[in-house]
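Survey of secondary and tertiary structure
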Amino acid sequence: MQARERLQVQHDKKKAELSDQEYSRKIDVDVLKLKAAWEKARAQLTTASQAVAATSASIAELRDTHLARQLLGLCHATLDMWRAMRQHHEAQGLIAQQLRGLSSRTSMDPTTEIHHETTRALEVAMSSWCAALGHLAKHQRDYVHALHGWRKLTLQEAPAVVDGAEAVASPVAAELAAFVERWGQALDRVHCADVLKSIKSFAGAVRSLYGLQSDELRVARRVSQYSRELDRKSRMLRQVEKSYYDSYVPPMGLSLWHRGMRHWGDDGMHARDASNEVAQRRDEIAACRRTVEDEMRKHAKAIDATRSAAVTCVQGKLPAVFQSMAVFSASLAHALEAVCRHGTHVQ
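Remember, it's a predicted structure, so these values are computed and weren't measured experimentally. (Residues numbered from 1 in each chain as written. Predicted model: local features only at pLDDT ≥ 70, side-chain atom pairs only at ≥ 80, totals over all residues. Heavy atoms only, no water.)

Observations regarding empty space enclosed by the protein
Considering all chains together, one arrives at 1 cavity of 30 Å³ or more under this definition. When its volume is computed, the largest cavity comes out at roughly 50 Å³. Forming the boundary of the largest cavity are A137, Q140, R141, L187, V190, C192, F328 and L332. Of all the secondary-structure elements, those providing two or more residues to the lining of the largest cavity are α3 (113-154) and α7 (266-342). It is α3 that contributes the most residues to the lining of the largest cavity, 3 residues altogether. Here the lining of the largest cavity is composed, by residue class, of 6 nonpolar, 1 polar and 1 charged. (1 Å grid on protein atoms, 1.4 Å probe; cavity = no way out; pocket = protein on both sides within 12 Å on 5 of 7 lines; lining within 4 Å. Points joined across faces, edges and corners; volume = space filled by probe spheres on them. Helix = DSSP H or I, 4+ residues; strand = E, 2+ residues; numbered from the N terminus. Nonpolar A, V, L, I, M, F, W, Y, C, P; charged D, E, K, R; others polar.)

Here we look at the confidence of the model for the protein
Averaged over all residues, the pLDDT of the protein is 78; the fraction at 70 or higher stands at 66%. Taken element by element, the predicted model of the protein shows its lowest mean pLDDT in strand β1 (residues 161-162) (44) and its highest in α3 (91). Predicted confidence for residues 157-167 stays below pLDDT 50, and this span has 7 contacts to residues more than four positions away or in other chains. Below a pLDDT of 50 lies the segment residues 251-265, which in the model reaches 10 contacts outside its immediate sequence neighbourhood of four places, other chains included. (pLDDT = per-residue confidence, 0-100. Contact = heavy atoms within 4.5 Å.)

Some remarks on the packing of aromatic side chains
Aromatic ring pairs are described here by two measures, namely the spacing of the ring centres and the angle between the planes. Summed over all chains, the structure comprises 2 aromatic pairs. Taking 5.4 Å as the distance between ring centres and 85° as the angle between the ring planes, the aromatic pair formed by W82 and F328 counts as edge-to-face. With W82 in helix α2 (residues 31-97) and F328 in helix α7, the pair connects residues that are 246 residues apart, well separated along the chain. Both residues of the pair, W82 and F328, belong to the buried class. With 5.9 Å between their ring centres and 45° between their planes, F179 and W183 make a pair best called tilted. Placement of the pair is F179 and W183 together in helix α4 (residues 171-189), with a separation of 4 residues, close to one helical turn. Residue classification places F179 among the buried positions, given a relative accessible area of 0%. Of the residues examined, W183 reaches a relative accessible area of 2% and is grouped as buried. In this structure, R120 packs its charged tip against the face of Y210, placed 5.9 Å from the ring centre. (Phe/Tyr/Trp six-rings, centres within 6.5 Å; stacked < 30°, edge-to-face > 60°. Buried < 20%, exposed > 50% of the residue type's maximum accessible area, 1.4 Å probe, protein only. Lys NZ or Arg CZ within 6 Å of the ring centre and 35° of its normal.)

Now the structure itself:
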């Protein structure tokens, strides 16, 4: 097409030069040479026009015999897809409604690392779903609009004469152009802002739940750490107590006098030091036990907060996601159903 346009410019230029020469009758200009150049340009333009006409005719034949049927089939397949999506999301919405009776007291099991990783995977999946749905709606509209623009170009008037016969407008092409235009208008009327908002809201709730689970796991690690420290201190206390009582109790067979002498001697001072160490270690154990108990109470509160957030998420956010998806799918299916109904003559 571009080559034909360049040849058209050259042809018009040669024709203008020849007309100017015939009008001015300049002596130093070879009229026959100008006329030969113009005849050559006209022949090239005719050849290029015939090639463009043949190409346009082939495109029109493919458009009317193959593309029309394929586009109608694509629209019907898209309609079936959104109908199935509506049915599935309506069923999922009914299942989500049954979670209304779920209570945070149903289970107080602590969060595990597997739960934590699964929550993160769910948040990533919801974000990906939101992005994919937005891209699907945009690319679907862009495709149909681009197709409509191309259809308008193919309907532009071709060369008036092809092999001696005038080009005849195709009724199938006109009907197909109207069909594609209605398709694009139907997609423009259905917006996915509400469903994207619902998915983002649920993803945000899952992200908050993930943060609460992280806090719970941190408290659980502190409980484990302080519990191990308490066990270690308790073992050390038992060792010190055993050493203290072994050194304080006199051997069998010694008189009371010997016992009193031993008590008031160096062994008595050693026993008092051991007794002080036992008391000190018992105080450390008591303080460590209080710390463990505090952390366990914090852990119980963290578990309760995590469970409450999880129940709120699935009861308040999840049903809205499926409901909005069902409404969006139903709206698209209804719009495409009208388009397909009016496109029955496109064959």
